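Reading the structure
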Amino acid sequence: MKCSLCRCLISKVEVQGFIERCMTGVGTKQHHARSLAEVLVEGDHRGHYSHGLNRMDMYVKDIQTGICAKDGEPVVEKESAATALVDGKNLLGPVVGNFCMNLAIKKAKEAGIGWVVAHGSNHYGIAGYYSMQALKENMIGMSFTNTSPLVVPTRGKDCTLGTNPISVAAPAKDGDSFVLDMATSAVALGKVELHERRGDTIPEGWGCDAQGKLTTDPKRVLSGGGLVPIGGSEATGGYKGYGLGMMVEVFCGILAGAQYSNHVRTWKVTDRVANLGQCFVAINPENFAPGFADRMSDLLSIQREMEPADPSCPVLAAGDPERMNMKKCEEMGGIPYHINVVNYMNECAKRVGVSPLLPCDNLISN
């Protein structure tokens, strides 16, 4: 088996323990390290590899350099029965995210809705991790974050918006749910980087060059260009994706008094604190029309049970591809990681004196 094609099967418990050891190895509090590890492993388990173990070295570096705080806890600065403004104290994003989502759920139990925004936060992993916490309480959850500017607005040439994700999770019957978790850019930056590394062209509508013109050359996107909003060009509705990216910015940077738009630091340039804005919402359906979960299940069934255009590709609802990925991981007995990612993270762990490393013995072919 050629090792460039190898993947390593590693259990969730092993990956989580490894991330926790790496983070505590650079001085992170144990419960903060656990919060981060849980989010990253959940990202991989759901198939969003760009937001999992693959990103661990970024968090290690943020703590090592002191650009992200390791001491303290988030603080509520202002609140009402249904709202709160939180200072994330520049802590790890998942620490801030969990604090805010728990607070939103607590308020929704009492007031029917909880709307919590935070400033002074950092990269928090997959947005869906937070919206899905509301499902455990049979509530609707929403989560939004702004990010470093990587997206060029419709008719523009400069990156002035982040990939600004939106996540909405709604419970249905018997543990079923609708889980939307999407960037407001056409694709994530990692997908463009991957094509560039492989020497492939990218589909039209993913990114533009330094002049703001759509391009299929990933190099042009990565050197002076940028990602484009969902919808691509103006003619194909890109202004709608642009509008959604702006909406996220309203809920996050603007409402929370955090950095926003091109005031947010450049991606991967950690010369100053991120001060990201984030928004967390919980809504209790019990405060509205009865029978929410039944109608939700019917809505999902209408889509899933229709005759598909291609018999080999059934119609799915948001959250279904992730569920399928998780089922596959369960059947395989672990999460399959590319051997290069495992080796890279093990090197990162060695540099901070962490052991044991991730196991590389359970190899499977792609």
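Please refer to the structure higher up on the page.
Residues numbered from 1 in each chain as written. Predicted model: local features only at pLDDT ≥ 70, side-chain atom pairs only at ≥ 80, totals over all residues. Heavy atoms only, no water.

**Remarks on the sheet that holds strand β9 (residues 214–215)**
Sheet architecture is open: three strands sit in the order β9-β8-β10, paired in antiparallel fashion. Two strands bound the open sheet, and with one partner strand each, they are β9 and β10 (226–227). The pairing of strand β8 (residues 207–208) with β9 spans two bridges and is classified as antiparallel. Within β9, the position partnered with Gly207 by the bridge is Thr215. (Pairing = 2+ DSSP bridges. Helix = DSSP H or I, 4+ residues; strand = E, 2+ residues; numbered from the N terminus.)

**Looking at the packing of helix α1 (residues 12–25) against helix α3 (residues 56–65)**
Axis separation between α1 and α3 bottoms out at 9 Å; the angle between their running directions is 20 degrees. Considering their axes alone, α1 and α3 lie roughly parallel with respect to each other. When the axes of α1 and α3 are compared, the crossing they make is right-handed. Contacts from Phe18, Ile19, Cys22 and Met23 of α1 reach α3 at Met56, Tyr59, Val60 and Ile63. (Axes fitted to C-alpha atoms, helices over the stretch in contact; angles between N-to-C directions. Parallel < 35°, antiparallel > 145°, perpendicular 65-115°, else oblique. Left-handed = near helix turned anticlockwise from the far one by under 90°. Contact = heavy atoms within 4.5 Å.)

**Remarks on the packing of aromatic side chains**
All told, the structure shown has seven aromatic pairs when counted by the stated rule. Seen in terms of ring centroids, Tyr124 and Tyr130 are 4.6 Å apart; in terms of plane orientation they differ by 25 degrees. Their pairing is stacked. The burial state of Tyr124 is the same as that of Tyr130; both residues are buried. Joined through ring pairs, the aromatic side chains of Tyr124, Tyr129, Tyr130 and Phe280 make up one cluster. (Phe/Tyr/Trp six-rings, centres within 6.5 Å; stacked < 30°, edge-to-face > 60°. Buried < 20%, exposed > 50% of the residue type's maximum accessible area, 1.4 Å probe, protein only.)

**Some words on the sheet that holds strand β6 (residues 166–171)**
Read from one edge of the open sheet, seven strands run β2-β3-β4-β11-β5-β6-β7, paired in mixed fashion. Each of the sheet's edge strands pairs with one partner strand only, and the pair in question is β2 (75–79) and β7 (177–182). When strand polarity is set aside, the average angle formed by the axes of neighbouring strands in this sheet is 15 degrees. Relative to β6, strand β5 (residues 140–145) runs antiparallel, the two sharing four bridges. In the sheet register, Ser143 faces β6, and the bridge partner there is Ser167. Along the sheet, helix α8 (residues 238–256) contacts β3 (83–87), β4 (113–121), β5, β6, β7 and β11 (276–283); its crossing angle with β4, the most-contacted strand, is approximately 75 degrees.

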